[in-house]
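Chain and residue survey
Each chain, letter by letter, is given below.
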Amino acid sequence: MTRKTIRVLLLAAVVVVVNSWAGAAIAAPRFITEATITSNTGYAQLTWEPENGPVELQQALDQEFSNPQTIYQGNNTSLFISGLRNGAYFYRLQATDGTLSPPLTLEVQHYPLGQAWMLFALGAGVFAGIVFVILNGEQHQHE
Amino acid sequence: MNDVVFLSPWLGWVLMTGLSGLWIGLGIYWGRKSKSFEDHALAGRNIGLALGSATAVATWVTSNTTMLAPQFALQMGIWGMLAYSTASIGLFLFAPMSARIRALMPDGYTSGDFMRLRYGQTAWKIFLVLTLFYSLTWLVSMAMAGGILLNALSGIRYEYGMTVILAVCVIYTMRGGLYAVIGTDFIQSLIILIGVVVVGFAVLQQVEMETIYANLTAEKPALLDVMFPAAIIAVFNNLLFGLGEIFHNNVWWSRAFAFRQGVGRKAYTIAGLIWLPIPIAAGFVALASGALGVPVPSPDMVGPLVIASVLGEIGAVAIFVIVFSSLASSIDSLLAATADLITEDIYRRMWRPGATPGQLKKVAQMVTLALGLGTWLVCLPRIGTLATVLFFAGPLVGSMIWPIITGLYWKRANSQGAISGMVLGSIVGLVVYFQIGWYVASLVGTVVSMVCVIFFTVIQPANYSWQTLRQGE
């Protein structure tokens, strides 16, 4: 093997290594959850694949992320969000080199209030019945 | 990986070793009076007011109180916080029930005894299946919580933390029975109460209420909404879940039998009053997370995250001690009460009616060991979140409320109502659990059970003699 051949092989190896590093660096961060998730409670847990460095999680109210808000920065791989009202919320991750993840959509549609109050009333009725049985039983237990 | 480790593993191990030694030492010391099965299971039926109140508080302050109450607040805001605190109503309502239980069954041992004598063999066996499922679920969720929390707080591996907390409780519960459980509960309740008060004030020192309110309004507005549908639904679901847990489970019945005459009513009332503010304080901590800039990777970790963030290493030590104490105070009670239930209702009633008190005590000790080993095996793989594991049992316990309360107070209540109530309530409640969600499952299970019990009471009223309960056979 001549010196020239060795140089060529070394150069090729360097190119391969550099390319693979570059490939790793430009791999976009990704959510593990599905592209669109729904919630009827106003809360959800967003999870993403571990990165080599910190990520920034952005939230926006439109698909174009015209006014994104950073809601987390760091090395964690999940964030619990809660207290959201009805509507669509959009999320994306940004790696330190600026690459962005595909967006994730969270659609919040709370249970109908009428249904909630109906169940509340049902629960209150059952509870009142339980209290009545106990208190009434206490009053008449010596009969 | 999420960055949620606050103590170095060596400090975690030091704390865990010290607390383990303390509980085992105290448990063995207090348990030296345990000679027979009655001593082991019921502490000689002579527990006074101070120990009685403390054991009820400590048992009901589980790791779920210190961890799930903040989770509820983070998920459902103010309503969620109130929903969790309604669990204290179970203690208030059990106060008169415990006096009734003691009066009706002065020589009773377990809640299973009551179901067998009141409703017969079939209802008793169904009850045993449901209550054992619930007790084992609770036990598994506690042990899992122990491993997860100790790992998150100090980096101690999940398997090690879970193993140690289980082993410690098994050792002193086997040795000292209910004497050891109630004695350690007294110290543990003091540690928990002091810890929660100190932590609550420390958080308030760090951030003002106005800041918390402004943060919630801007970032989590639904948490302040009075009209929060899921939270509105959850209020009575959670309340009924708590009632079902307390009304049926031998953890509470064994204490009703163990308390001195006249103590139960006062002890459970005092315990309810002491317990009530704990989930509110713990929930408040979670609502402050946004204002304090604490990111929450997983909702069941919000409490430790905020406390450690505010108080640093001292806070992390405090939460470690509180969590370890609350875990031990619940796991030991569950081990003891479930072992007694299996010994009395399965070993003695189904297998060896002529067993001596000494034999029964030995069996109870072996069952405690077996429960610990079984729980350990189930917990080795980490499955599910704390809430998911626990709430799976919600409809089952809800379905037992009406059979229990009407069995205690209505002569006309009968076995058809109890059986159909427990079976249909559990089945329909579980279907709802999977089709809709945990936050309606207990409610639906209770409603179905109530309808069954009332229907059969009206259609086929019994005329039960309370003397049957007093005589024991």
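Residues numbered from 1 in each chain as written. Chains lettered and ligands numbered in written order. Predicted model: local features only at pLDDT ≥ 70, side-chain atom pairs only at ≥ 80, totals over all residues. Heavy atoms only, no water.

**A few points about the overall build of chain A**
A tally of regular secondary structure across chain A gives 2 helices and 7 strands. Here the analysis covers contacts within chain A between residues at least 6 apart in sequence; of these, 60% occur between residues at least 24 apart. Carbon and sulfur atoms make up 60% of the accessible area of chain A, which amounts to about 8400 Å² in all. (Helix = DSSP H or I, 4+ residues; strand = E, 2+ residues; numbered from the N terminus. Contact = heavy atoms within 4.5 Å. Areas by Shrake-Rupley, 256 points an atom, 1.4 Å probe, with all protein chains shown as cover.)

**Points about the overall build of chain B**
Secondary structure summary: chain B contains 21 helices and 0 strands in total. For 473 residues, the compact-globule estimate of 2.2 N^0.38 gives 23 Å, and the C-alpha radius of gyration of chain B, at 22 Å, lies within 12% of that figure. Viewed in the frame of its principal axes, chain B has a C-alpha envelope of about 60 × 50 × 40 Å. The proportion of buried residues among the 473 residues of chain B is 66%. In chain B, once contacts between residues fewer than 6 apart in sequence are set aside, the share between residues at least 24 apart is 87%. With the model as given, the accessible surface of chain B reaches about 15500 Å², and the carbon-plus-sulfur share is 68%. (Rg over C-alpha atoms; globule rule 2.2 N^0.38 Å. Buried < 20%, exposed > 50% of the residue type's maximum accessible area, 1.4 Å probe, protein only.)

**Overview of the sheet that holds strand β3 (residues 55-60) of chain A**
All names here are of chain A. Strand order in the open sheet made by the 5 strands is β1-β7-β6-β3-β4, with mixed pairing throughout. The sheet terminates laterally at β1 (36-39) and β4 (69-74), the two strands that pair on one side only. Each strand axis lies, on average, 20° off the axis of its neighbour in the sheet, ignoring direction. (Pairing = 2+ DSSP bridges. Axes fitted to C-alpha atoms, helices over the stretch in contact; angles between N-to-C directions.)

**A word on the side chain of Glu-245 of chain B**
Residues and elements named next belong to chain B. Position of Glu-245 relative to the elements: it lies in helix α10 (residues 229-248). Here Glu-245 occupies a buried position and makes no salt bridge, while the nearest side chain of opposite charge, Arg-255, is found at 13 Å. Polar contacts involving the side chain of Glu-245 include one to the side chain of Tyr-134, which spans 2.6 Å. Sequence-distant contacts of Glu-245, that is, excluding residues within four places in its chain, are made with Trp-60, Tyr-134, Trp-252 and Val-397. (Lys, Arg positive; Asp, Glu negative; His and termini not counted. Salt bridge = Lys/Arg side-chain N within 4 Å of Asp/Glu carboxyl O. Polar contact = N/O pair within 3.5 Å; in protein donor to acceptor, adjacent residues only side chain to side chain.)

**Quick look at the pairing of strand β7 (residues 104-108) of chain A**
Residue and element names in this part refer to chain A. Most of β7 sits inside the fold, with 4 of its 5 residues counted as buried. Taken together, the 4 bridges between β1 and β7 define a ladder with parallel strand orientation. Within β7, the residue paired with Thr-38 across the bridge is Glu-107. Where strand β6 (residues 87-95) lies against β7, 5 bridges are found, and the strand directions are antiparallel.

**A look at the interface of chain A and chain B**
Taken residue by residue, the interface counts 36 residues in chain A and 49 residues in chain B. Remark: the boundary between chain A and chain B carries 2 salt bridges. Across the salt bridge formed by Arg-265 of chain B and Glu-138 of chain A, the nearest N and O atoms sit 3.2 Å from each other. Where chain A packs against chain B, one counts 8 residue pairs in polar contact (both at pLDDT 80 or more). Looking at the side of chain A that touches chain B element by element, the count peaks at 17 residues for helix α2 (residues 113-140) of chain A. Here the side of chain A that touches chain B is composed, by residue class, of 19 nonpolar, 15 polar and 2 charged. (Nonpolar A, V, L, I, M, F, W, Y, C, P; charged D, E, K, R; others polar.)

**Topic: a nonpolar patch on the surface**
All names here are of chain B. Where nonpolar side chains cluster on the molecular surface, the patch consists of Val-423, Leu-424, Ile-427, Val-428 and Val-431 and spans about 360 Å² of accessible area. Counting through the fold element by element, Val-423 comes out in helix α19 (residues 415-435). Taking relative accessible area as the criterion, Val-423 reaches 31% and is therefore assigned partly exposed. (Patch = residues over 30% accessible without salt bridge, like charges linked within 9 Å, V, L, I, M, F, W, Y side chains within 5 Å.)

**With respect to the environment of Thr-457 of chain B**
Residues and elements named next belong to chain B. Along the polypeptide, Thr-457 turns up in helix α20 (residues 438-459). Excluding its chain neighbours within four sequence positions, the residues that come into contact with Thr-457 are Trp-410, Arg-412, Ala-413 and Asn-414. Among the polar contacts made by the side chain of Thr-457, one reaches the main-chain carbonyl oxygen of Val-453 at a distance of 2.6 Å.

**Some words on the environment of Asn-238 of chain B**
Mapped onto the elements, Asn-238 of chain B comes out in helix α10. Along the backbone, Asn-238 of chain B and Tyr-84 of chain B are 154 residues apart, and their C-alpha atoms lie at a distance of 6.7 Å.

**What to know about empty space enclosed by the protein**
Residues and elements named next belong to chain B. One pass over the structure, following the stated rule, counts 2 cavities of 30 Å³ or more. Its volume calculated, the second largest cavity comes out at about 120 Å³. Sorting the residues of the lining of the second largest cavity by element identifies α4 (63-85), α8 (158-206), α13 (277-287) and α14 (302-351) as the ones contributing at least two each. Looking at the lining of the second largest cavity residue by residue, the classes come out as 9 nonpolar, 3 polar and no charged. (1 Å grid on protein atoms, 1.4 Å probe; cavity = no way out; pocket = protein on both sides within 12 Å on 5 of 7 lines; lining within 4 Å. Points joined across faces, edges and corners; volume = space filled by probe spheres on them.)

**Quick look at the packing of α10 of chain B against helix α11 (residues 250-258) of chain B**
All names here are of chain B. Running from N to C, α10 and α11 cross one another at 50°; their axes reach a closest spacing of 5 Å. It follows that α10 is oblique to α11 by the angle criterion. The residues of α11 that touch α10, namely those facing Glu-245, Ile-246, Phe-247 and His-248, are Asn-250, Trp-252 and Trp-253. (Parallel < 35°, antiparallel > 145°, perpendicular 65-115°, else oblique.)

**Overview of the layout of surface pockets**
Estimated volume of the second largest pocket: approximately 520 Å³. Lining the second largest pocket are 26 residues, and of these Gln-69, Ile-71 and Ile-81 of chain A together with Glu-219 and Lys-220 of chain B lie nearest its centre. Those elements giving two or more residues to the lining of the second largest pocket turn out to be β4 and β5 (78-81) of chain A together with α9 (209-219) of chain B. Here the element with the most residues in the lining of the second largest pocket is β4 of chain A; it accounts for 5 residues. Considered class by class, the residues forming the lining of the second largest pocket number 14 nonpolar, 9 polar and 3 charged.

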